[in-house]
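Chain by chain, the residues run as shown.
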Amino acid sequence: MRLTRRDALAALTAAGVTVGGGALFLSTGEPESTADGTAEHRLDESTVRTLVAAAEVLYPSEVEGTEEFVTSYVQGKVEERPDHGRGIADAVDYLDDYAVAWYDAKFADLVPSDRDEALERMNADTAAPDPNGSDVERVRYFVVNELLYGLYTTPTGTTLVGLENPRGHPGGLASYQRGPQS
Amino acid sequence: MTGDSDRTPSDRVDVCIIGAGPAGALVADRLAARRHEVVILEAGPRFDRADRIERMERSIRPSHDLPSVWDMGGERDAYTSTGEWFYPLNNSRVKGVGGTTLSWQGMVMRLHEVDFEMRSEWGVAADWPIDYEDIRPYYGSAESALGVAGASDNPFAPPRESPHPMPPFPPSHSDARFAEACERLGVATHSVPNARNSAPFDGDSKCVGFGTCKPVCPTDAKYDATRTIEKATDAGVRVIDRVPVQRLEHDRSGQVIDAAVYVTPDGETHRQTARQFVLAAGGIETPRLLLLSESETYPDGLANSSGLVGRYFMEHLFAGTGGIVDWRTRQNHVGFLTSETHQFYDDPAAGTERGIPPADAQTAAFTPIKLEFFNYAGPSPVGLALDSDIWGDELLESLRDAYGNSIAMGGLVGQRPRKDNFVGLDSSKTDDHGNPVPRVHWRVDDVTKRSIRRANEIQETILTELGAELTWQVGPEETGPAFHHMGTTRMGTDPAESVVNPRMRTHDLDNLWIAGSSVFVTSGAMNPTLTIAALALKLADHVDESL
Ligand SMILES: Cc1cc2nc3c(=O)[nH]c(=O)nc-3n(C[C@H](O)[C@H](O)[C@H](O)COP(=O)(O)OP(=O)(O)OC[C@H]3O[C@@H](n4cnc5c(N)ncnc54)[C@H](O)[C@@H]3O)c2cc1C
Ligand code: SF4
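Residues numbered from 1 in each chain as written. Chains lettered and ligands numbered in written order. Predicted model: local features only at pLDDT ≥ 70, side-chain atom pairs only at ≥ 80, totals over all residues. Heavy atoms only, no water.

Draft legend 1. Spotlight on the packing of aromatic side chains. All names here are of chain B. Counted under the stated rule, the structure contains 18 aromatic pairs over all chains. Measuring from centroid to centroid gives 4.8 Å for Phe-116 and Trp-128, while their planes differ by 65°, and the two rings are edge-to-face. Here the residue Phe-116 occupies a position in the loop between β3 (80–81) and α4 (118–122), and Trp-128 occupies one in the loop between α4 and α5 (132–146), the gap between them amounting to 12 residues. Taking the relative accessible area as the measure of exposure, Phe-116 reaches 1% and is therefore buried. Here the aromatic residues Trp-85, Tyr-87, Phe-313 and Trp-442 are joined through ring pairs into a cluster of three or more. Against the face of Phe-422 rests Arg-311, its NZ or CZ located 4.6 Å from the ring centre. Here the guanidinium or amino end of Arg-490 rests over the ring plane of Tyr-312, the centre of that ring lying 3.8 Å away. (Phe/Tyr/Trp six-rings, centres within 6.5 Å; stacked < 30°, edge-to-face > 60°. Helix = DSSP H or I, 4+ residues; strand = E, 2+ residues; numbered from the N terminus. Buried < 20%, exposed > 50% of the residue type's maximum accessible area, 1.4 Å probe, protein only. Lys NZ or Arg CZ within 6 Å of the ring centre and 35° of its normal.)

What follows is the structure, encoded as C-alpha cells:
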C-alpha cells in the first residue's frame, strides 16, 4: 500500500488546507509563501526528517512512500496553522534531546528498533495526548497522534483496515452504500 | 459572515429577537421578508467558517473534550445539575450564531398526530392546544427552509401535502440487511428525513461524507442556522453577536416589555427597545432569562404568574443495542442515519404477527418509541488509533480485529411532562456577569424506563434475527439524554396551567413571544427541531399580524 502525494493532499483536505480555508498549494503540493507576502510557516528540514523517522515506526510496514506523505502533510498543515507548527517543532526538539541523552544520537539517526524503544521508554505509548501538557504528553499529541491522524483519516490508511472513507475524509456518498465485495 | 463591531442598539426596531439558533433565525427571516425591522441579540460569537476543519479535527482527536469543540464551558456557561440524574448541559448546546444546530445531527421528522393528543388518545399527560392540522402547512415550509432530504416512504408518518425538497439519501449497505431481517419480523423500515444536502441545494454543496456531522460538518452540506441567518441578514436583519441579554424590562403597567438589557464584550450595558420581543434562547436559557427578569410587579420572574416557568422539563432518552455479526457491516463511512422505523411509535405495546412479542402492559403505560439503524456502529479506526498504546504493525492488526463487524440500533424514547423536572436558578453559583446559573433538576421516571426496556426488547429481537451476537446495550440504567430541551414554558389556553398561549405569546405580557421547544406540551419521540422550525414560522405569522 503506497502513500502518495495524492494521499497527502487528501489528508490535508481533511486538515483544512483545501476546504473551508480556500485552496492553498493544491497545484504543487509544496508550501509557498502566502499571497500577502508574509513569512512562510514551515518546519525546518531536520524537524521534518525526525517526523518521517517517527512515522516509519508508527506506520505499519505495509505503508510505503512515508517520506513524501509526511513531508507534504505536515508542511501543508503548518502553513495553515503556524501555532500548531510551533507545537510540533517543540515536541520534536524534545524527542531529539531525549534520543541524544539516551542513545547519543538524534532521533532520526537511530535504527528503527531504537526509535520504537525511545518512544516507549519515554512513555509516549501510554501518555495522554495533551497540546499543553508535559513534554511527553506533547510528543504524544504533536508527533504520535499527529502522524496517526494523518494516516488514519486517509483512505490509504484505513483501506488497510477495510474502510475507504474514514471519519475526517470527504470521500463522497458512494462508499457507504456499497457492500464489501464491490 | 463578518463581525459587526458596533454593538449599540438599533433605533426604531419592530422586533427584537433573543437568540440566533434556528428558532430565532427563522422568525427573523420570515419577519424581514414582510419588511419589518428586526434585530437579533446573540450571546455567543459568530464563528469563523474557515475554522470548521480545525474544529472537526478537535472533535476526532482525544484530549479536546466535546464542549470545547464549539468553545462551550467556563464561567459563561456554568450550571448546576441537582436532580437524581446528572444533566451534562454543556454537551447539549452551543452558544453562537447558528445555535445548537452547529453541533446537531440534523434528523428532522414531523411529530405524529397522537403527540398533540396524548390526553385524548392515550389518557395521559396533556393535549396541546393546537393539533397536527394547525401546524401541518408550517411543517412543509420548515422542510423547505431547512433543506430536508427525504421520501414519502414512511407508512407511519402523518399526512403530508408535497414531497421533500430533496431526494432521500440512499440506504446504506447495512440498512439493506436490517430491512431484510425486519421484513421477516413484520417490521417496516423507511428512510430518515435529513436536514442535509443529498444534492446541491440553495447554493450550498452536496454532502461529501466527512462523517463528522455531529459535532461539526466542515462543509455547508448539513443545515445549520447560519444559513438562515445569512438569508435574514441579506433581507436587512441586524445580528449583534456576543451580547448576552441579562434581563427583560417591562413598562410601569407590567403589560409590555420595554427593552432587552444586554452587555457587550467590553462591559457596556445597553437597552434594545422594540415593539415586539421574541425569546428564542433555547429550552434552558429561555426560562432562565424569564426568571432572571424578576421585578416588583413580577417577583417570581416574568411571564410566570402560573408559577410554571421552567417546569415540565422533558428530554428524549437514548436506548441502544449493538453486537457483532460474521459479515462486513461497512460502518463509519458517513456520520448520519439513512433508515429507521416508526412502527412502535403510535403503539409501543403492539407486537407483530411474525416475531416481535407484544408488551405485557397497555399502550398508555409507555411513551412513544422511535427506532434507528446505525451507520456508525462500533469503533472508528482513527479513534482507536489515537487512543491506542501500540503502533506500527501491531496497531494495524488490532484495528483489523476491531473494525468491520459491528452493528447497532439506536432509538429515542419520549418522556412525559412532570412538574418535578425543572430548570431553575441556582443562586449559590454565578456566571461571568454575576447572574445565578441555570439549575437542571431532572430524573428518568418509571414510565420512561419501561419504554426504554421495551425499545431494547425490540432491538434485541431484530438484531438476533440478523444473526448478531449482542455485546452491549444502553438500557434504563445507562441511558442518557438526546440533548433535546423541551417543555419549560409550555403552551396552553389556561393561564394557570401554561406560560404561552396557542399563538406562543406569553399570557402575562402583550408583546413577549417564545419560539423554541420550551413551548412543547408533550415530547413525542421525534427529534424536535423540525417542529421548532414549524412553530417559529407560525409564530412569525402571529407577530406579523400584531405589528
Ligand atoms: C449533539 C446534538 C445533536 C442534536 N441532534 C438533533 C437532531 O438530529 N435533530 C433535531 O431535531 N435536533 C437535534 N438536536 C437539538 C437541536 O440542536 C435543538 O433542538 C435546536 O438547536 C434548538 O433550537 P433553538 O433555536 O430553540 O435553540 P438553540 O439552537 O440552542 O439556540 C439558542 C441561541 O440562543 C442564544 N442565547 C441563549 N441565552 C441568551 C441570552 N441570554 N442572550 C442572547 N442570546 C442567548 C444561545 O447562545 C444560542 O445561540 C441536537 C442537539 C445536540 C446538542
Ligand atoms: S457526512 Fe456529515 S459532516 Fe460529512 S459532509 Fe455530510 S453532512 Fe457534512
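Draft legend 2. Just the layout of surface pockets, in detail. Within this model, the second largest pocket holds a volume of roughly 320 Å³. Forming the boundary of the second largest pocket are 14 residues, of which Arg81(A), His84(A), Pro131(A), Tyr141(A) and Glu54(B) lie nearest the centre. Sorting elements by how many residues they give to the lining of the second largest pocket places helix α2 (residues 52–60) of chain B first, with 3 residues. Looking at the lining of the second largest pocket residue by residue, the class counts come to 3 nonpolar, 4 polar and 7 charged. (1 Å grid on protein atoms, 1.4 Å probe; cavity = no way out; pocket = protein on both sides within 12 Å on 5 of 7 lines; lining within 4 Å. Points joined across faces, edges and corners; volume = space filled by probe spheres on them. Nonpolar A, V, L, I, M, F, W, Y, C, P; charged D, E, K, R; others polar.)

Draft legend 3. Region of the structure containing the sheet that holds β3(B). Residues and elements named next belong to chain B. Judged by pairing direction, the sheet is mixed, and its 3 strands sit side by side in the order β3-β16-β15 without closing on themselves. Two strands in the sheet have a free side with no partner beyond their single neighbour: β3 and β15 (422–430). With 2 bridges connecting them, β3 and strand β16 (residues 436–441) associate as parallel partners. Across the sheet, residue Thr-80 finds its bridge partner in β16, namely Arg-439. (Pairing = 2+ DSSP bridges.)

Draft legend 4. Quick look at the site of ligand 1. Residues and elements named next belong to chain B. Around ligand 1 lies a shell of 35 residues, among which Glu-42, Thr-100, Met-107, Val-245 and Thr-529 are the nearest. Backbone polar atom of Gln-105 to a nitrogen atom of ligand 1: 3.1 Å apart, as the coordinates give it. At 2.8 Å from an oxygen atom of ligand 1 is found a main-chain nitrogen or oxygen belonging to Thr-529. Calculation on ligand 1 without its partners gives an accessible area of 1000 Å², and the protein chains cover 93% of this total. In the shell around ligand 1, the residues fall into 16 nonpolar, 15 polar and 4 charged. (Near = heavy atom within 4 Å. Polar contact = N/O pair within 3.5 Å; in protein donor to acceptor, adjacent residues only side chain to side chain. Areas by Shrake-Rupley, 256 points an atom, 1.4 Å probe, with all protein chains shown as cover.)

Draft legend 5. Geometry of the interface of chain A and chain B. Listed as interface residues are 55 residues of chain A and, on the opposing side, 47 residues of chain B. Summed over both sides, the interface of chain A with chain B buries roughly 4300 Å², with 59% coming from carbon and sulfur. Remark: the boundary between chain A and chain B carries 6 salt bridges. Salt-bridge contacts for Glu164(A) lead to Arg330(B); the nearest nitrogen and oxygen are separated by 2.8 Å. At the boundary of chain A and chain B, one finds 27 residue pairs in polar contact (both at pLDDT 80 or more). Elements that contribute at least two residues to the side of chain A that touches chain B include exactly α1 (5–15), α2 (45–58), α5 (112–121) and α6 (135–152) of chain A. At 8 residues, the largest contribution of residues to the side of chain A that touches chain B is made by α6(A). Among the residues making up the side of chain A that touches chain B, the classes are represented as 24 nonpolar, 19 polar and 12 charged. (Contact = heavy atoms within 4.5 Å. Buried area = accessible area lost by both parts, 1.4 Å probe. Salt bridge = Lys/Arg side-chain N within 4 Å of Asp/Glu carboxyl O.)

Draft legend 6. Structural detail: the site of ligand 2. In the region of ligand 2, 13 residues are neighbours, and Arg196(B), Cys207(B), Phe210(B), Cys213(B) and Cys217(B) sit closest. Looking at the shell around ligand 2 residue by residue, the class counts come to 7 nonpolar, 4 polar and 2 charged.

Draft legend 7. Focus on the packing of helix α6 (residues 173–185) of chain B against helix α11 (residues 446–465) of chain B. Residues and elements named next belong to chain B. At a closest axis distance of 9 Å, the pairing of α6 and α11 adopts a crossing angle of 110°. The angle between α6 and α11 falls in the class roughly perpendicular. Seen from above, α6 lies across α11 with right-handed handedness. Judged by residue contacts, Phe-178, Ala-181, Cys-182, Arg-184 and Leu-185 of α6 engage Thr-461, Ile-462, Leu-463 and Glu-465 from α11. The residue inventory of the contact of α6 with α11, partitioned by class, reads 6 nonpolar, 1 polar and 2 charged. (Axes fitted to C-alpha atoms, helices over the stretch in contact; angles between N-to-C directions. Parallel < 35°, antiparallel > 145°, perpendicular 65-115°, else oblique. Left-handed = near helix turned anticlockwise from the far one by under 90°.)

Draft legend 8. A negative patch on the surface, seen in detail. On the surface, Glu120(A), Asp389(B), Asp393(B), Glu394(B), Glu397(B) and Asp401(B) cluster together into a negatively charged patch. With respect to the helices and strands, Glu397(B) occurs in helix α10 (residues 392–402). (Patch = residues over 30% accessible without salt bridge, like charges linked within 9 Å, V, L, I, M, F, W, Y side chains within 5 Å. Lys, Arg positive; Asp, Glu negative; His and termini not counted. Charge placed at Lys NZ, Arg CZ, Asp CG, Glu CD.)

Draft legend 9. Examining the nonpolar core more closely. Membership of the largest hydrophobic core comes to 94 residues, with the highest contact counts inside it found for Leu146(B) and Leu248(B). In terms of residues, this core owes the most to one element, helix α12 (residues 529–546) of chain B, which gives 10 residues. Excluding anything up to four places from it in sequence, Leu146(B) contacts Leu26(B), Trp104(B), Val108(B), Ala195(B), Tyr223(B), Arg227(B), Leu530(B) and Ala533(B). Core analysis: the second largest hydrophobic core is formed by 63 residues, Leu58(A), Leu163(A), Val69(B) and Tyr403(B) among them. (Core = buried A, V, L, I, M, F, W, Y, C linked by side-chain atoms within 4.5 Å.)

Draft legend 10. Examining the environment of Ala359(B) more closely. Residues and elements named next belong to chain B. Looking at the element boundaries, Ala-359 is found in the loop between β12 (339–341) and β13 (369–373). For the pair Ala-359 and Glu-457, spaced 98 residues apart in the sequence, the C-alpha separation amounts to 9.2 Å. Leave out the neighbours within four places in its chain, and Ala-359 touches Ala-349, Phe-366 and Arg-454.

Draft legend 11. Local environment of the pattern of salt bridges. Residue and element names in this part refer to chain B. Under the counting rule described, the total for this entry stands at 47 salt bridges over all chains. Between Arg-136 and Glu-133 there is a salt bridge, with the nearest N and O atoms lying 3.1 Å from each other. Taken together, the positions of Arg-136 and Glu-133, both in helix α5 and 3 residues apart, correspond to about one turn of that helix. The partner of Glu-249 in a salt bridge is Arg-247, and the shortest N-O contact between them spans 3.1 Å. When its relative accessible area of 22% is taken as the criterion, Glu-249 is described as partly exposed.

Draft legend 12. Just the side chain of Gln246(B), in detail. Residues and elements named next belong to chain B. Here Gln-246 is to be found in strand β6 (residues 245–250). On the basis of relative accessible area, Gln-246 is assigned to the buried category, the value being 10%. Engagement of the side chain of Gln-246 in a polar contact is seen with the backbone oxygen of Pro-244, the distance being 3.1 Å.

Draft legend 13. Region of the structure containing the sheet that holds strand β8 (residues 269–273) of chain B. Residues and elements named next belong to chain B. Spatially, the 3 strands line up as an open sheet ordered β6-β7-β8, and their pairing is antiparallel. Of all strands in the sheet, those with a lone pairing partner are β6 and β8, marking the two edges. Each neighbouring strand pair of the sheet contributes to a mean axis angle of 25°, computed without reference to strand direction. By the bridge criterion, 5 bridges tie β6 to strand β7 (residues 257–263) in an arrangement that is antiparallel. Looking at β7, one finds that Leu-248 is bridged to Ala-260.

Draft legend 14. Inspection of the pairing of β15(B) at higher detail. Where β15(B) lies against β16(B), 6 bridges are found, and the strand directions are antiparallel. By the bridge assignment, Asp426(B) is partnered in β16(B) with Val437(B).

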